[in-house]
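# Observations on chain architecture
Each chain is listed here by its residues.
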Amino acid sequence: MMILKDLLQKIDHESVSGDVDRLVSDIHYHSDTVEKDSLFVAIRGYQTDGHRFISNAFENGARVFMIEKDIDIPGATVVRVADTRKALSRISRVFFGYPDRKLKIIGITGTTGKTTTAYLIHSILTAAHWNPGLISTVESYDGDVWKLSERTTPEALDIFRLFHQMNRKRLKSAVMEVSSHALSLYRVKDISFTAGVFTNLGRDHLDFHKTMDDYFLAKKKLFDEMNENQRAILNIDDLYSTRIQESTGGEVFTYSMNRRDATVCFLHHESRQKGMSVTMQIPSGVITLETSLLGDFNIYNILAAVTTAVSLGIQDDFIIKGVESLKRIPGRCEILETPSNFTVYVDYAHTPESLHNILRAVWGAKPATLIVVFGAGGDRDRGKRPAMGKAADDFADKIILTNDNPRSEDPETIIKDILEGISDKSKVSVIIDRREAIQKALDMAQANDGVLIAGKGHE
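It should be emphasised that the depicted structure is a prediction, and the values quoted were computed from it without experimental measurement. (Residues numbered from 1 in each chain as written. Predicted model: local features only at pLDDT ≥ 70, side-chain atom pairs only at ≥ 80, totals over all residues. Heavy atoms only, no water.)

## Section: the overall build of the protein
The secondary structure content of the protein amounts to 15 helices and 24 strands. Relative to the globule expectation of 23 Å for 459 residues, the C-alpha radius of gyration of the protein, 24 Å, shows essentially globular dimensions. Overall, the protein is about 75 × 55 × 40 Å in size when its C-alpha atoms are taken along their principal axes. Classification of the 459 residues of the protein by burial places 57% in the buried group. Taking the intrachain contacts of the protein between residues at least 6 apart in sequence as the baseline, contacts between residues at least 24 apart amount to 64%. Working note: accessible area of the protein is about 20,000 Å², and carbon and sulfur atoms make up 45% of it. Across the protein, the mean location of the 57 positive side-chain charges is 2 Å away from that of the 63 negative side-chain charges. (Helix = DSSP H or I, 4+ residues; strand = E, 2+ residues; numbered from the N terminus. Rg over C-alpha atoms; globule rule 2.2 N^0.38 Å. Buried < 20%, exposed > 50% of the residue type's maximum accessible area, 1.4 Å probe, protein only. Contact = heavy atoms within 4.5 Å. Areas by Shrake-Rupley, 256 points an atom, 1.4 Å probe, with all protein chains shown as cover. Lys, Arg positive; Asp, Glu negative; His and termini not counted. Charge placed at Lys NZ, Arg CZ, Asp CG, Glu CD.)

Laid out in structure tokens, this is it:
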């Protein structure tokens, strides 16, 4: 709890009307969650406007309102700000006592690999006794409770609330995925990151960012305001890393599968029946790691995690233990054996690049027949759909097209777009109902086949 006037001393605001000595018991941006003496922040979203729910918030007990518009609210204190999204981040940080300052926070951004890299770093930090929390696309961990996530990066209020809970549980660090949406919408603007990781940039979210350059500039924000006490961990095999390296003020650490001048560089790997062995050069020498993960793309994720650990000064034995002890990442190249002796792979791949990568990895395991089930999201970038079809056509023997999340679009229209990228239509089946499509793939599979179910992953 805080007195409003104490909060206002720490944030920029344009005007205040009403009693500034009011007690603020909590902060909310959903009117339905408001309780007595709450501060309600009215955020303008893409589908609705929080200003429309001010009366509901008042009825539920809010007596302090942070708004962008000129609205009179009798019986309440009204704080006018230029941008309520920016203000929500700042006021949340102040209200919860700057909880990010008490944690070493590692943020991971990029088109693919964020979740796997986050779990790998979390496992290394656990092995090193850094007591890490986690905020990921799949779930969050505050030191006590694992909770399923609603989005990759929560709103700023929810992030600082989680950090506060981590402080209370005496955690020392936190690993979090940082989406381009979060960077564009100021959800992580006020977080003091110890390190930031850039995995790669591929085609995604162009319904939101419109161009690849806008998409990249959103990712780049994580590194733009870094100082010499912060670390920037960059994949120098991705050309976009050069632009980040030129502009960041952070100390740069690099990783690569192709270049020997990187801080951490890949040397060679050996495939195993249930994973692979990866050898790399790090500043202290050569190390070899055994992992249950598959594919070149996961070598990149391991390199990113190891480079992050190197930048933090973590000992080699903790790095090795952390990577090798991670056996499962929910919905990320999860491998399930079956009584019929075929293998099922469940993966979150939902972009052309990620679908290509997981298909190539499964194909590399040499299944007798490779069956893939996938679709594409509706009301999103239509341009990536034919490219996803081509990725499936390049590797799969049999393709089952189905729903992913059509939203308001006609599922058949989405599938028609995917079909444009598939030259051999004879290997395609269309089953709109996803459950039926998965069942069909399992029914088709025989001994030594591989079935990849892509798109929803842990969902």
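Continuing now.
## A few points about the packing of helix 12 (residues 352–364) against helix 13 (residues 384–395)
Where helix 12 contacts helix 13, the two axes come as close as 9 Å, and the packing angle between them is 10°. By the angle class used here, helix 12 and helix 13 are roughly parallel. Facing Pro-352, Leu-355, His-356, Leu-359, Arg-360 and Trp-363 of helix 12, the residues of helix 13 in contact are Lys-384, Ala-387, Met-388, Ala-391, Ala-392 and Phe-395. Taken together, the residues that form the contact of helix 12 with helix 13 break down as 9 nonpolar, 1 polar and 2 charged. (Axes fitted to C-alpha atoms, helices over the stretch in contact; angles between N-to-C directions. Parallel < 35°, antiparallel > 145°, perpendicular 65-115°, else oblique. Nonpolar A, V, L, I, M, F, W, Y, C, P; charged D, E, K, R; others polar.)

## Some details on the nonpolar core
Judged by nonpolar contacts, the single largest core of 50 residues is most densely connected at Leu-39, Met-66, Phe-163, Met-176, Val-188 and Ile-191. With 6 residues, the single largest contributor to this core is helix 5 (residues 156–168). Sequence-distant contacts of Leu-39, that is, excluding residues within four places in its chain, are made with Leu-4, Val-24, Asp-26, Ile-27, His-28, Val-64, Met-66 and Ile-91. Counting residues in each nonpolar core, the second largest holds 43 residues, with Ile-108, Ala-118, Ile-124 and Leu-293 among its members. (Core = buried A, V, L, I, M, F, W, Y, C linked by side-chain atoms within 4.5 Å.)

## Quick notes on the pairing of strand 5 (residues 38–41)
Residues of strand 5 alternate between two faces, with Ser-38 and Phe-40 on one and Leu-39 and Val-41 on the opposite face, all of them buried. As defined by bridge partners, strand 4 (residues 26–28) adjoins strand 5 across 3 bridges and the pair is classed as parallel. Of the residues in strand 5, the one forming a bridge with His-28 is Phe-40. Strand direction decides the pairing type here: strand 5 and strand 6 (residues 64–67), joined by 3 bridges, are parallel. The residue bridging Leu-39 from the neighbouring strand is Val-64, located in strand 6. Of the crossover connections in this fold, the one passing from strand 5 over helix 2 (residues 54–59) to the parallel strand 6 is right-handed. (Pairing = 2+ DSSP bridges. Right-handed = clockwise from strand over helix to strand, strands pointing away.)

## A word on the sheet that holds strand 21 (residues 370–374)
The strand order across the open sheet formed by 6 strands is 19-20-24-21-22-23, and the pairing between neighbours is mixed. In the strand order of this sheet, the two ends are held by strand 19 (334–337) and strand 23 (428–430), each with one partner. On average, each strand axis in the sheet is tilted by 20° relative to the strand beside it, whichever way the strands run. One ladder, built from 4 bridges, connects strand 21 with strand 22 (residues 398–401); its direction is parallel. Note that in strand 22 the partner of Val-373 across the bridge is Ile-400. Most of the contacts of helix 14 (residues 411–419) go to strand 22, to which it runs at about 150°, and overall it touches strand 21, strand 22 and strand 23.

## Overview of the pairing of strand 8 (residues 104–109)
With 5 of its 6 residues buried, strand 8 lies for the most part within the structure. By the bridge criterion, 5 bridges tie strand 8 to strand 12 (residues 173–177) in an arrangement that is parallel. Bridge pairing in strand 12 links Ile-106 to Val-175. Sheet topology places strand 8 next to strand 13 (residues 195–198); 4 bridges connect them, and they run parallel. Each bridged residue has a counterpart across the sheet, and for Gly-107 the counterpart in strand 13 is Gly-196.

## Brief notes about the pattern of salt bridges
What the rule picks out here adds up to 25 salt bridges. In this structure, the salt-bridge partner of Lys-36 is Asp-37, at a minimum N-O distance of 3.1 Å. Take Asp-37: its relative accessible area is 23%, and that puts it in the partly exposed class. Between Lys-456 and Asp-404 there is a salt bridge whose closest N-O contact spans 4.0 Å. (Salt bridge = Lys/Arg side-chain N within 4 Å of Asp/Glu carboxyl O.)

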